[in-house]
Amino acid sequence: MSAPSAEEIAKAAKAAFDRSQLVPSTERITALEAIHKQLQAHKDEILAANVEDLKAAQEEVNAGRMSESMLKRLDLGRGDKWDSMLQGILDVSALPDPTGIVNYASELDDGLELYRVSCPIGVLLVIFEARPEVVVNIATLAIKSGNAAILKGGKESNRTTVLLSKAISAGLAQTALPETYIQTIQTRAEVSSLLAMDRYIDLVIPRGSNSLVRNIQNNTRIPVMGHADGLCSVFLDESADVDKAVRIVVDSKTDYPSACNALETLILHEAILSTVWPKVAEGLFNAGVKLLVDEPSLAALKASNVTIPESQIAPADDEAYNTEHLSLTAAVKTVPSVSAAIAWINEHSSHHTDSIVTESDENATTFCKGVDSAGTYVNASTRFADGFRYGFGTEVGISTGRIHARGPVGLEGLVTYKYMMKSKADKGHIVGEFGSNKKQYKHARINATSVPF
């Protein structure tokens, strides 16, 4: 039997979504529990496949065709990644149902009621690179939020994603939800075809490199939600506490350098060049970070007592401030004021997440309001920009757009709304009964959390 075409996959996803809308939402929880059990049962097999993917990826790294950061993202057995992936399923399952919630209700006339009700978006096409756990993360969020999904992982994780997908399908098969509710594809040709199918697919979510996201944005009529870069910064204000500054900057850069929420640019107020900055630089050097510095920050270091490792410092050019390094490299920029820092961030950042280290409430407020990013923090590491850490269970990605969803996108970012109206009048309601010298609309708000029909 031949594999289904891209159009057949898209049609099946749309049909599965339509069927799922009449399935009780409790069945989604049943599905997540079944998928969790399937993954547990096949852990050894899945991790063995992941080892094979890692071996093949290491050869690509050795040949210079893959970055070390992508290799690290591929490793499903790294640290607590497997356990976190499974815990994410349980966390999302336990969250409140994001659908069927009334967020506006009004009585337009006696017996004529209008409700705005949250509902799923529809069919999601999610394209990502390297990180195989994304298959499970997104399938979990899609199921809980009532959306069907088509998933495409990178070729570097094919062995792993195939087995993860089988476990998901096996879990779905034990429920009233269609097995085609979550589907995976393997080839770029399928992606190209699916990007043209706006009749069946409602939203594309890319997770990966700048080139991947830009290519998708430029080749589809379907709405795209996501971010191309993670150019995050930390600004050390003139009132920054030195101990806070060291902790926050080092964590932002080194906790997971290849993550999109890792620090890429450190911005310094010129007033702290001879005080806070040398201690922060020393902390970064000790953590193995290479600094691309501007002239004022370099001069301040040379005038301090800090030992400067020659291999860990270099002059910054313009490109250094526009590069997502995804490694133990960070650029350093000196500015004269909070307003200058805000202007610089808004011009150079990717509007992902930016943080200020300050003891001034006024400057903190100014920074958080002035910086046009999805996340603005005070005295906290940029690494907190994550759906799990926000309490969303997991995330489909981080959106730097301004429409619909912004920041880590969890369940609430995967629902939209529809309007429902019901007339209780014996003859129903018609518009012709309203107007000048006729009935007038009441527009009286109704307190309601769910639709009473």
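The rules behind the values
Residues numbered from 1 in each chain as written. Predicted model: local features only at pLDDT ≥ 70, side-chain atom pairs only at ≥ 80, totals over all residues. Heavy atoms only, no water. UniProt positions renumbered as here; feature names shortened; annotations may be inferred. Axes fitted to C-alpha atoms, helices over the stretch in contact; angles between N-to-C directions. Helix = DSSP H or I, 4+ residues; strand = E, 2+ residues; numbered from the N terminus. Parallel < 35°, antiparallel > 145°, perpendicular 65-115°, else oblique. Left-handed = near helix turned anticlockwise from the far one by under 90°. Contact = heavy atoms within 4.5 Å. Pairing = 2+ DSSP bridges. Domains from an automatic or database assignment. Buried area = accessible area lost by both parts, 1.4 Å probe. Salt bridge = Lys/Arg side-chain N within 4 Å of Asp/Glu carboxyl O. Polar contact = N/O pair within 3.5 Å; in protein donor to acceptor, adjacent residues only side chain to side chain. Nonpolar A, V, L, I, M, F, W, Y, C, P; charged D, E, K, R; others polar. Buried < 20%, exposed > 50% of the residue type's maximum accessible area, 1.4 Å probe, protein only.

If you check an unreviewed UniProt entry, the chain appears there as glutamate-5-semialdehyde dehydrogenase from Coprinopsis cinerea. A UniProt comment under Sequence similarities (unreviewed entry) is attached to the chain, and it reads "Belongs to the gamma-glutamyl phosphate reductase family." Recorded in UniProt for the chain, the comment headed Catalytic activity (unreviewed entry) runs: "L-glutamate 5-semialdehyde + phosphate + NADP(+) = L-glutamyl 5-phosphate + NADPH + H(+)".

Novice: Please explain the packing of helix 2 (residues 26-41) against helix 7 (residues 158-172) as it appears in this structure.
Specialist: Packed helix pairs are characterised by how far apart their axes lie and by the angle those axes make with each other. Contact geometry for helix 2 and helix 7: axes closest at 8 Å, N-to-C directions at 135°. Classed by the angle they form, the pair helix 2 and helix 7 counts as oblique. Seen along the crossing, helix 2 lies across helix 7 with a hand that is right-handed. Across from Ala31, Ala34, Ile35, Gln38 and Leu39 in helix 2, the residues of helix 7 making contact are Leu164, Ala167, Ile168, Ala170, Gly171 and Leu172.

Novice: I tried to follow the sheet that holds strand 11 (residues 329-335) on my own but got confused; where do I start?
Specialist: Sheet strands associate in pairs through backbone hydrogen bonding, adopting either a parallel or an antiparallel arrangement. The strand order across the open sheet formed by seven strands is 10-9-11-8-7-12-13, and the pairing between neighbours is parallel. Both outer strands of the open sheet, strand 10 (313-315) and strand 13 (375-378), are each paired with one neighbouring strand and no more. Sheet twist, expressed as the average angle between the axes of neighbouring strands with direction ignored, equals 20°. In this structure, strand 7 (residues 232-236) lies alongside strand 8 (residues 263-269), joined through five bridges in parallel fashion. Residue Ser233 lies in a different strand from strand 8, and its bridge partner there is Thr265. Packing against the sheet, helix 13 (residues 338-348) makes contact with strand 7, strand 8, strand 11 and strand 12 (353-357), and its axis sits at approximately 155° to strand 8.

Novice: Can you walk me through the domain arrangement of the chain in this structure?
Specialist: Much of the literature gives interface size as the accessible area that the parts lose upon coming together. When the domains of the chain are assigned, the result is domain 1 (6-218) and domain 2 (232-391). Centre-to-centre separation of domain 1 and domain 2, based on C-alpha positions: 34 Å. A combined buried area of about 540 Å² lies between domain 1 and domain 2, and 46% of that area is made up of carbon and sulfur atoms. Counting the surface domain 1 buries against domain 2, the share from its top three residues, Ser69, Arg73 and Arg78, is 60%. Connecting domain 1 to domain 2 are zero salt bridges. Inspection of the region where domain 1 meets domain 2 yields one residue pair in polar contact (both at pLDDT 80 or more). For the side of domain 1 that touches domain 2, the secondary-structure elements that each account for two or more residues are helix 4 (68-74) and helix 5 (81-94). Looking at the side of domain 1 that touches domain 2, the element that brings in the most residues is helix 4, giving three residues. Class assignment of the residues belonging to the side of domain 1 that touches domain 2 gives a composition of one nonpolar, one polar and five charged.

Novice: I would appreciate a short explanation of the environment of His352 in the present structure.
Specialist: Take His352: it is sitting in the loop between helix 13 and strand 12. In sequence terms His352 and Tyr104 are 248 residues apart; their C-alpha atoms lie 30 Å from each other. A distance of 2.9 Å separates the side chain of His352 from the side chain of Thr353, its partner in a polar contact.

Novice: Sorry if this is basic, but what is going on with the pairing of strand 11 here?
Specialist: Working note: regular strand, side chains alternate between the two faces of the sheet. Burial analysis of strand 11 places six of its seven residues in the buried class, which makes it a mostly covered element. For strand 8 and strand 11, the ladder comprises five bridges, and the chain directions are parallel. Among the inter-strand pairings, Leu268 is bridged to a residue of strand 11, identified as Thr334. Pairing of strand 9 (residues 290-293) with strand 11 involves three bridges; the strand directions are parallel. By the bridge assignment, Leu292 is partnered in strand 11 with Ala331.

Novice: Honestly, the pattern of salt bridges in this entry has me stumped. Any pointers?
Specialist: Once their charged atoms are close, side chains differing in charge can pair, the charge on each being opposite to the other. Counted according to the given criterion, the structure contains 18 salt bridges. Close ionic contact of Asp53 with Arg159 constitutes a salt bridge, the shortest N to O distance being 3.0 Å. Residue Asp53 is found in helix 3 (residues 43-62), and its partner Arg159 is found in helix 7; the two are separated by 106 residues along the sequence. Each of the salt bridges in this network shares a partner with another, and the network as a whole consists of Lys81, Arg131 and Glu133.

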